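# Examining the three-dimensional arrangement
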Amino acid sequence: MSLFTCAREREVTDLLHKGHWPQACSEELRAHVASCRGCSDLVLITESLQASRRQTAELPRLEPAGAIWWRAQLRRRNAAIDQMSRPIIGAQIFALAMSVIVIGAIAIWQADNWSAWFADLPTTLHLDALIPSSSPESGILWIIVPVLATIALLSGIVVYLASEKQ
Amino acid sequence: MSWESIIPNVLAGESPPLAGTTPAAAMDNEQFAAFYARSARSLWAYLARVSRDPALADDLTQEAYVRFLCAHHPEDGEVAARRYLFKIATNLLRDHWRRPQSSSIDEIPEHIFALSSGETQSDSIAMLAPAMAQMRPRDRQLLWLAYAEGYSHHEIAQITGLASASIRLLLFRARRKMARLLRTGGQA
């Protein structure tokens, strides 16, 4: 007999799980269980819990197996798609970062040319006709910059809406 | 057309399965339905009795099966699959208890488990509910797995993640306390 269990506990456990307790066991074992605290605890608890298990198992209204199967398929598919799209998202972020860096570098490198190009832009687009002759020379920028900003904003919205639809 | 044919070899690209394991999805729909029919009620009973919350047991039973189907489990037949299912359910219960609760699980009324009219309850079952209510969740888990499901200490250790050596002592204490509560009608 160990510190926690009676030597006959295994025997009693087997009988309980096979459903042989108490009819299919010896009188001597029944007498032992009646006198052994460990074994009587074991019988009391096992019988209570097994009866409770039988009773409780009748209660649930289980979801159909097909619905669970379908949910699992859906989850596996979503996990697979997530896993597949992870490198694509990484590549997109990398491409965007590289583009920003290259555009920034070109903008800095060509800063003088850009300012000259901007200065010539009203003349090239014949915007002089739209500007009152009394307005200062820098006033032209107050028209061009909002127009370009509006075009950029609208382009962003179009791209966002197009990607949302996908 | 199935999604596997649209996205070929996607699952093959997932984390490689462990040696001796197979995806539960290798089980076909009918095999799963048969396995579900044989195991779902006992899993629900385990979750409901340990959590003392039938609604939670409903949710966790479904989630346990979905995770089971998505996972790789040991190729040791139905007994191992069932044990694996109980392990998933035990982990889900543990996660649930770790989350901040809006209400205590001890507030769930036990009358939910009462028998319908016409059925009879033995004294020990009638006293089981108040006795279980006074046990700690872990003790309820251990007692249910050992005495209602008939798992060995080694199997309980696999399911709960506790050390195999400590199961014997924990079960001994839980059993002694439970027996005392059952004999005194749930009075501590």
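Residues numbered from 1 in each chain as written. Chains lettered and ligands numbered in written order. Predicted model: local features only at pLDDT ≥ 70, side-chain atom pairs only at ≥ 80, totals over all residues. Heavy atoms only, no water.

## Concerning the interface of chain B and chain A
Note on interface size: it is often stated as the accessible area lost on association of the parts. Contacts between the two partners involve 55 residues from chain B and, on the opposite side, 41 residues from chain A. If you look at where chain B meets chain A, you find four salt bridges. For glutamate 149 of chain B, the salt bridge goes to arginine 53 of chain A, with nearest N and O atoms at 2.8 Å. Put simply, chain B and chain A have 13 residue pairs in polar contact (both at pLDDT 80 or more) between them. When residues of the side of chain B that touches chain A are assigned to their parent elements, the largest contribution, 11 residues, is made by helix α2 (residues 29-51) of chain B. (Contact = heavy atoms within 4.5 Å. Salt bridge = Lys/Arg side-chain N within 4 Å of Asp/Glu carboxyl O. Polar contact = N/O pair within 3.5 Å; in protein donor to acceptor, adjacent residues only side chain to side chain. Helix = DSSP H or I, 4+ residues; strand = E, 2+ residues; numbered from the N terminus.)

## Regarding the nonpolar core
Burial of nonpolar side chains together is a common tendency in soluble globular proteins. With 68 residues, the main nonpolar core has Leu49 of chain A together with Phe32, Leu43, Tyr46, Tyr65, Leu143 and Met178 of chain B as its most contacted residues. The leading source of residues in this core is α2 of chain B, at 11 residues. Leave out the neighbours within four places in its chain, and phenylalanine 32 of chain B touches Ala65, Ile68 and Trp69 of chain A together with Met27, Tyr65 and Leu69 of chain B. (Core = buried A, V, L, I, M, F, W, Y, C linked by side-chain atoms within 4.5 Å. Buried < 20%, exposed > 50% of the residue type's maximum accessible area, 1.4 Å probe, protein only.)

## Here's the deal with the pattern of salt bridges
The final tally for this structure, using the stated rule, is 13 salt bridges over all chains. Taking the shortest distance from any N to any O, the salt bridge between glutamate 27 of chain A and arginine 30 of chain A comes out at 3.9 Å. With glutamate 27 of chain A and arginine 30 of chain A both in helix α2 (residues 27-35) and three residues apart, this pair spans about one turn of that helix. By relative accessible area, which is 57% here, glutamate 27 of chain A ends up exposed. Residue glutamate 155 of chain B pairs with arginine 83 of chain B through a salt bridge whose shortest N-O separation is 3.0 Å. Of this pair, glutamate 155 of chain B sits in helix α7 (residues 153-160) while arginine 83 of chain B sits in helix α4 (residues 77-98), and the two are 72 residues apart along the sequence. Per residue, the accessibility class of glutamate 155 of chain B equals that of arginine 83 of chain B, and both read buried. Linked through salt bridges whose partners overlap, the residues forming this network are Arg8, Glu11 and Glu28 of chain A.

## Comments concerning the confidence of the model for chain B
Residue and element names in this part refer to chain B. Residues at a pLDDT of 70 or more form 70% of chain B, whose mean pLDDT is 78. Low confidence marks residues 1-20, where pLDDT is under 50. Its contacts with residues over four positions away, or in another chain, come to 24 contacts. Ignoring residues within four places in sequence, the model shows residues 115-121, a span with pLDDT below 50, making five contacts including any to other chains. Among the scores for the predicted complex, ipTM is 0.71 and pTM is 0.66. (pLDDT = per-residue confidence, 0-100.)

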